[in-house]
Amino acid sequence: MTSLTDAGAPPDKPAAAELPILGTYKRAPMQFVRGEGVELVDVAGKRYLDLGSGIAVNALGYGDAGVRKAIVAALDTGLIHVSNLYRTEPAETLAASLVAQSFADKVFFCNSGAEANEGAFKFARRWGRSVSSGAKTGIVALRGSFHGRLFASLAATDRPSYRAPFRPLAGGISICERDPRALDVALDGDSVAAVIVEPVQGEGGVRVLEESLLEELRRLTSERGIALVFDEIQCGLGRLGTLFAYESFGIVPDMVTIAKPLAGGLPMGAILVTAEIGSVIKPGDHGTTFGGGPLVARAAIEVLRRVSDPALLKDIRDNGAWFGEMLRGIAKRTGKVRAIRGMGYMWGIDVVEKASDVIERGWDAGVLILSAGDHTLRLLPPLVMSRDDLSRGAALLEQVLG
Ligand code: PLP
């Protein structure tokens with residue numbers, strides 16, 4: 001039943017491949033039973049420093065008292081869910097807070113990142129049709145993008161191995177090079193409704209897009225009446241050291257999608273839109289049973305309050321720059337690193353060997369590291385991680401690289 005690779009699993013536990021869970025993930029052998037601060041604890045009691053935050057979700061780490069209090073308070077009202085047929089205070093407070101702190105005038109709540117992007121595509125099309133004779137429906141995404149695994153979001157995701165088995169994908173969605181000349185050709189104002197961009201491409205290798213490219217995108221889309229959508233599902237909500245990623249680049253989009261950390265680990269996504277786009281969306285245009293329910297919204301109010309704290313955001317900027325220097329030092333000392341990219345608490349490290357080998361050695365050493373491609377390590381520490389813990393993470397990384 002078990003093997004030597006089942007490091008954290010007790011002898012009577014089945015290996016991942018034998019689980020009755022569909023095999024869409026290559027699961028690590030450890031089974032986690034507890035989280036404390038920035039560490040996870042497995043069933044054998046071994047502790048792991050988390051440099052991945054459950055893929056950018058656990059911004060406040062594990063066992064956060066504020067999130068717990070918010071969830072308990074929501075449970076005490078007896079309202080986990082009432083449906084979007086009725087008003088509830090938490091969703092309205094959360095939407096008001098998102099609007100007050102951003103360019104947006106309206107918010108739609110959903111349950112995941114892919115759903116947020118799919119909704120944004122629908123809103124873009126609805127708006128595009130309303131400002132044209134009906135032909136303005138195209139969606140353009142960029143080379144290296146990841147926008148989700150549903151049909152339209154997959155069509156906007158530039159990963160051949162994710163796409164090929166599921167063709168035909170949703171139509172009217174194309175991928176364009178990250179190049180101003182290619183964008184100039186692709187962004188035809190008569191047929192394109194929206195372009196979607198991750199300001200820092202996460203799954204695609206932690207690639208920080210050049211400010212000049214984003215500025216050119218904003219110029220082209222403004223001139224041609226195309227909606228600019230920022231997918232901030234991974235890089236937003238504080239990760240770059242600004243509440244919204246667009247603030248780090250000095251560019252204001254027309255829509256922003258967020259998800260991952262929004263509700264402290266409960267499933268939630270949101271689409272932020274301008275008044276102009278919001279004005280064309282009518283009852284029946286879109287919907288979701290669970291979106292913006294009182295339990296998740298109450299948790300999200302607390303997360304948003306915390307990740308918008310200027311002191312936390314400053315720490316992320318300062319500690320992030322310092323951490324980047326630590327990583328460059330590791331690169332120099334080990335000779336095992338080809339390139340380092342990132343900002344804030346979002347870093348990519350191109351390594352000579354297979355990323356999965358480094359990650360597995362990390363399990364033995366008690367550190368959780370993510371990948372973003374076959375030869376890229378990805379670090380997305382909880383936003384509350386201190387310099388001491390970042391330093392400990394860097395030392396563990398150096399150990400497993402060496
Ligand atoms: N967009 C980006 C930039 C992401 O990183 C992800 C998830 O990794 C998604 C969209 C999809 O989010 P979800 O997995 O919640 O559907």
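Residues numbered from 1 in each chain as written. Predicted model: local features only at pLDDT ≥ 70, side-chain atom pairs only at ≥ 80, totals over all residues. Heavy atoms only, no water.

Undergrad: So what exactly am I meant to see when it comes to the site of the ligand here?
TA: By nearness alone, 13 residues border the ligand, and Gly113, Ala114, Asp231, Gln234 and Lys260 come closest of all. Measuring from an oxygen atom of the ligand, one finds a side-chain N or O atom of Glu203 at 3.4 Å. Contacts to the ligand include Gln234, whose side-chain N or O atom sits 2.7 Å from an oxygen atom. Alone, the ligand offers 390 Å² of accessible surface; in the complex the protein occludes 81% of this. Top element by residues in the shell around the ligand is helix 4 (residues 113–130). It accounts for three residues. (Near = heavy atom within 4 Å. Polar contact = N/O pair within 3.5 Å; in protein donor to acceptor, adjacent residues only side chain to side chain. Areas by Shrake-Rupley, 256 points an atom, 1.4 Å probe, with all protein chains shown as cover. Helix = DSSP H or I, 4+ residues; strand = E, 2+ residues; numbered from the N terminus.)

Undergrad: Can you walk me through the side chain of Thr221 in this structure?
TA: Looking at where Thr221 falls in the secondary structure, it is placed in helix 8 (residues 211–224). Dropping the residues within four chain positions of it, Thr221 is found in contact with Leu187, Val195, Ile226 and Leu228. (Contact = heavy atoms within 4.5 Å.)

Undergrad: What exactly am I supposed to notice about the side chain of His147 here?
TA: Mapped onto the elements of the fold, His147 is located in the loop between strand 5 (138–142) and helix 5 (151–155). A polar side-chain atom of His147 sits 2.8 Å from a polar atom in the side chain of Asp231. Residues within four places of His147 in sequence aside, it is in contact with Ala114, Asn117, Ala141, Ser153, Ala156, Thr157, Ile196, Val197, Glu198 and Asp231.

Undergrad: I would appreciate a short explanation of the sheet that holds strand 14 (residues 346–351) in the present structure.
TA: Sheet strands line up and pair through hydrogen bonds in the backbone, either parallel or antiparallel. Ordered in space as 13-14-17-16, the four strands form an open sheet in which the pairing is antiparallel. Of all the strands in the sheet, the pair left with one neighbour each is strand 13 (337–343) and strand 16 (370–371). In terms of strand pairing, strand 16 meets strand 17 (residues 376–379) through two bridges, oriented antiparallel. Residue pairing across strands places Leu370 opposite Arg378, the latter belonging to strand 17. Helix-sheet contacts for helix 12 (residues 310–334) involve strand 13, strand 14 and strand 17, and the interaxial angle to strand 14 is about 10°. The strands that helix 13 (residues 355–365) touches are strand 14, strand 16 and strand 17; relative to strand 17, the one it contacts most, it runs at about 45°. (Pairing = 2+ DSSP bridges. Axes fitted to C-alpha atoms, helices over the stretch in contact; angles between N-to-C directions.)

Undergrad: How do you make sense of the packing of helix 3 (residues 89–100) against helix 11 (residues 294–307) when you look at a structure like this?
TA: Think of two packed helices as two axes; the pair is described by the angle between the axes and how far apart they sit. Following both chains from N to C, one finds helix 3 and helix 11 inclined at 35°, their axes separated by 8 Å at the closest point. Considering the relative orientation of helix 3 and helix 11, their crossing is left-handed. Across the interface between the two elements, Glu89, Pro90, Ala91, Thr93, Leu94, Ser97 and Leu98 from helix 3 touch Pro294, Ala297, Arg298, Ala300, Ile301 and Leu304 from helix 11. Partitioned by chemical class, the residues of the contact of helix 3 with helix 11 number nine nonpolar, two polar and two charged. (Left-handed = near helix turned anticlockwise from the far one by under 90°. Nonpolar A, V, L, I, M, F, W, Y, C, P; charged D, E, K, R; others polar.)

Undergrad: What am I meant to see in the domain arrangement of the chain here?
TA: Interface size is commonly expressed as the accessible surface area that is lost when the partners come together. Segmentation of the chain into domains returns domain 1 (16–63 + 310–401) and domain 2 (65–307). For domain 1 versus domain 2, the separation of C-alpha centres amounts to 26 Å. Taken together, the 27 residues of domain 1 in the interface contact 27 residues of domain 2. Buried surface at the junction of domain 1 and domain 2, both sides included, amounts to about 2,200 Å², of which 64% is carbon and sulfur. Interface area lost by domain 1 to domain 2 is led by Leu60, Met343 and Met346, which between them contribute 30%. For the interface between domain 1 and domain 2, the tally reads one salt bridge. Between Glu203 and Arg378 there is a salt bridge whose closest N-O contact spans 2.9 Å. Where domain 1 touches domain 2, the interface holds nine residue pairs in polar contact (both at pLDDT 80 or more). Elements that contribute at least two residues to the side of domain 1 that touches domain 2 include exactly helix 1 (53–56), helix 12, strand 13, strand 14 and strand 17. It is helix 12 that provides the largest number of residues to the side of domain 1 that touches domain 2, a total of four residues. Considered class by class, the residues forming the side of domain 1 that touches domain 2 number 16 nonpolar, eight polar and three charged. (Domains from an automatic or database assignment. Buried area = accessible area lost by both parts, 1.4 Å probe. Salt bridge = Lys/Arg side-chain N within 4 Å of Asp/Glu carboxyl O.)

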